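# Coordinate analysis (summary)
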Amino acid sequence: MTIQAQILDELRTLREETRAGIILVTHDLAVVADIADRVVVMYSGRVVEQGTLDELFYDPQHPYTWGLLGSITRIDRDSSQRLPAIAGLPPSLLHTPQGCHFRPRCPHAFAQCTEDPALLARIPGNAEHVDRCWLELEQKRKLRVVGDQIGLASPEPVIA
Ligand code: SF4
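First, a word on what this report is: a plain description of the structure on this page. The residue count restarts for each chain, going from 1 along the sequence in the order it is written. In keeping with the model being predicted, local features are shown solely for residues with a pLDDT of at least 70 and side-chain atom pairs are shown and tallied solely at 80 or more, while totals for entire chains, interfaces and linings include all residues. The basis for every side-chain value is the complete set of heavy atoms in the structure, and neither hydrogens nor water enter the calculation.

### Observations regarding the overall build of the protein chain
- Each helix corresponds to a stretch of at least 4 residues labelled H or I by DSSP, and each strand to a stretch of at least 2 residues labelled E; elements are numbered beginning at the N terminus. Secondary structure assignment for the protein chain yields five helices and six strands.
- Ordering the α and β elements of the protein chain from the N terminus gives α-α-β-β-α-α-β-β-α-β-β.
- Each radius of gyration reported is based on C-alpha atoms, and the globular scaling rule is 2.2 Å times the count of residues to the power 0.38. Here the C-alpha radius of gyration of the protein chain, 17 Å, is about what a compact globule of 160 residues would show, namely 15 Å.
- Projected onto its principal axes, the C-alpha coordinates of the protein chain cover approximately 50 × 40 × 35 Å.
- Each residue is assigned to one of three classes by its accessible area relative to the maximum for its type, calculated with a 1.4 Å probe on protein chains only: buried under 20%, partly exposed between the two thresholds, exposed over 50%. Evaluated residue by residue, the protein chain yields a buried proportion of 36% over its 160 residues.
- Contacts spanning at least 24 positions in sequence make up 46% of the contacts within the protein chain whose residues lie at least 6 apart.
- As displayed, the protein chain has an accessible area near 10500 Å², and 56% of this comes from carbon and sulfur atoms.
- Only four residue types enter the charge count, namely Lys and Arg as positive and Asp and Glu as negative; His and the chain termini do not. The atom standing in for a charge is NZ when the residue is Lys, CZ when it is Arg, CG when it is Asp and CD when it is Glu. One way to put it: in the protein chain the 16 positive side-chain charges average out to a point 5 Å from where the 21 negative ones average out. Any two residues whose heavy atoms approach within 4.5 Å are treated as being in contact. Accessibility throughout is a Shrake-Rupley quantity obtained with a 1.4 Å probe, and a residue counts as covered only by protein chains that appear here.

### With respect to the pairing of strand β1 (residues 38–43)
- Covered by surrounding structure in β1 are Val39, Val41 and Tyr43 only, the residues Arg38, Val40 and Met42 on the alternate face being uncovered.
- Strands are labelled as partners when DSSP assigns at least two bridges between them. As paired elements, β1 and strand β2 (residues 46–52) share six bridges and run antiparallel to each other. Bridge assignment links valine 40 to a residue of β2, and that residue is glutamine 50.
- The loop that links β1 with its antiparallel partner β2 comprises two residues; one of these, serine 44, has a positive phi angle of about 55°.

### Here we look at the side chain of histidine 62
- As for its position among the elements, histidine 62 is in the loop between α3 (53–58) and α4 (63–70).
- Owing to a relative accessible area of 1%, histidine 62 belongs among the buried residues under this scheme.
- Each residue touching histidine 62, except ones within four places of it in the same chain, is listed here: Val48, Glu49, Phe102, Arg132 and Cys133.

### Some remarks on the sheet that holds strand β4 (residues 126–131)
- As summarised here, the arrangement of the four strands in space is β1-β2-β4-β3, forming an open sheet in which the pairing is antiparallel. Unpaired on one side and paired on the other, β1 and β3 (120–123) mark the two borders of the sheet. Here the average twist between neighbouring strands, direction ignored, is 40°.
- Packing against the sheet, α4 makes contact with β1 and β2, and its axis sits at approximately 105° to β1. To obtain each axis, a line is fitted to C-alpha atoms, and for helices this fit is confined to the stretch in contact; angles are then taken between N-to-C directions over 0 to 180 degrees.

### Brief notes about the site of the ligand
- Proximity criterion: a residue is near a molecule or strand once any of its heavy atoms comes within 4 Å of it. Around the ligand sit His62, Pro63, Cys100, Phe102, Arg103, Cys106, His108, Ala109, Cys113, Cys133, Trp134 and Leu135, and those are all the residues in its vicinity.
- Only protein atoms enter the 1 Å grid used here, on which a cavity is any set of points holding a 1.4 Å probe that cannot leave and a pocket is any open set flanked by protein within 12 Å on both sides along at least five of seven lines; residues with an atom within 4 Å of a point are listed as lining. Should more than half of a molecule's atoms lie within 2 Å of a pocket's or cavity's grid points, that molecule is taken to sit in it. Placement of the ligand is best described as lying within the largest cavity.
- Each residue is assigned to one class: nonpolar for Ala, Val, Leu, Ile, Met, Phe, Trp, Tyr, Cys and Pro, charged for Asp, Glu, Lys and Arg, and polar for all the others, Gly among them. Per-class residue counts for the shell around the ligand are nine nonpolar, two polar and one charged.

### As for the nonpolar core
- Residues Leu29, Val32, Val39, Val41, Phe57, Tyr64 and Phe102 are the most contacted members of the largest nonpolar core, which totals 20 residues.
- Mapped onto this core, the elements with two or more residues apiece are α2 (29–35), β1, α3 and α4.
- In terms of residues, this core owes the most to one element, α4, which gives four residues. Throughout this description, the term nonpolar core refers to a set of buried Ala, Val, Leu, Ile, Met, Phe, Trp, Tyr and Cys residues connected via side-chain atoms within 4.5 Å.

### Quick look at the packing of aromatic side chains
- Put simply, two rings from Phe, Tyr or Trp (the six-membered ring, in Trp's case) pair if the centres are within 6.5 Å, and we call them stacked under 30 degrees between planes, edge-to-face over 60, tilted for the rest. According to the stated counting rule, one finds three aromatic pairs in the structure shown.
- Between the aromatic rings of tyrosine 43 and phenylalanine 102, the centroid separation amounts to 5.1 Å while the plane-to-plane angle is 85°, which identifies the pairing as edge-to-face. In this pair, tyrosine 43 sits in strand β1 while phenylalanine 102 sits in the loop between α4 and β3, placing the two residues 59 residues apart along the sequence.
- In this structure tyrosine 43 comes out as buried when scored by relative accessible area, which is 4%.
- Relative to phenylalanine 102, the ring of tyrosine 64 has its centre 5.5 Å away and its plane inclined at 65°; by these criteria the two rings are edge-to-face. Here tyrosine 64, found in helix α4, pairs with phenylalanine 102, found in the loop between α4 and β3; they are 38 residues apart in sequence, far enough to count as distant.
- Taken together, the ring pairs connect Tyr43, Tyr64 and Phe102 into an aromatic cluster.
- Here, a charge over a ring means that NZ of Lys or CZ of Arg falls within 6 Å of the ring centre while also lying within 35 degrees of the ring normal. The ring of tryptophan 134 carries the charged tip of arginine 122 above its face, separated from the ring centre by 5.8 Å.

Structure representation (structure tokens):
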């Protein structure tokens, strides 16, 4: 963690000194939260959501993004419980699923998901926040709440 913080500080310094843009590829959302201005979420070789840091963390639109956010270690989470994981595996890029590539792992998939969703701005008045999911905006805002946090609902019945 100490080395990571030093590297991020170094990147920030370089960014300020050179005024260069930095593209950082990572699965570590803590790093993203620490340094990014804009976030591009990729799944199965293509962009599934893109927006500002705040948009992605506070109003995420794609179920894969929900799954990533739901699997972050958090200080307010019961440490005796396993971290939530996204069920299944990413598809082979040689044999991608018909329609939405996330469909085999998505607990919210429905009939339309066999058609390929385009990467579109789907929030009225916000042309910059784009995603690739057929669900309606209000459905997304409801379905992404798991317990009291953003996450991807379990495809299995939850046994208390
Ligand atoms: S388009 Fe369908 S399968 Fe794909 S993420 Fe949205 S709800 Fe899930």
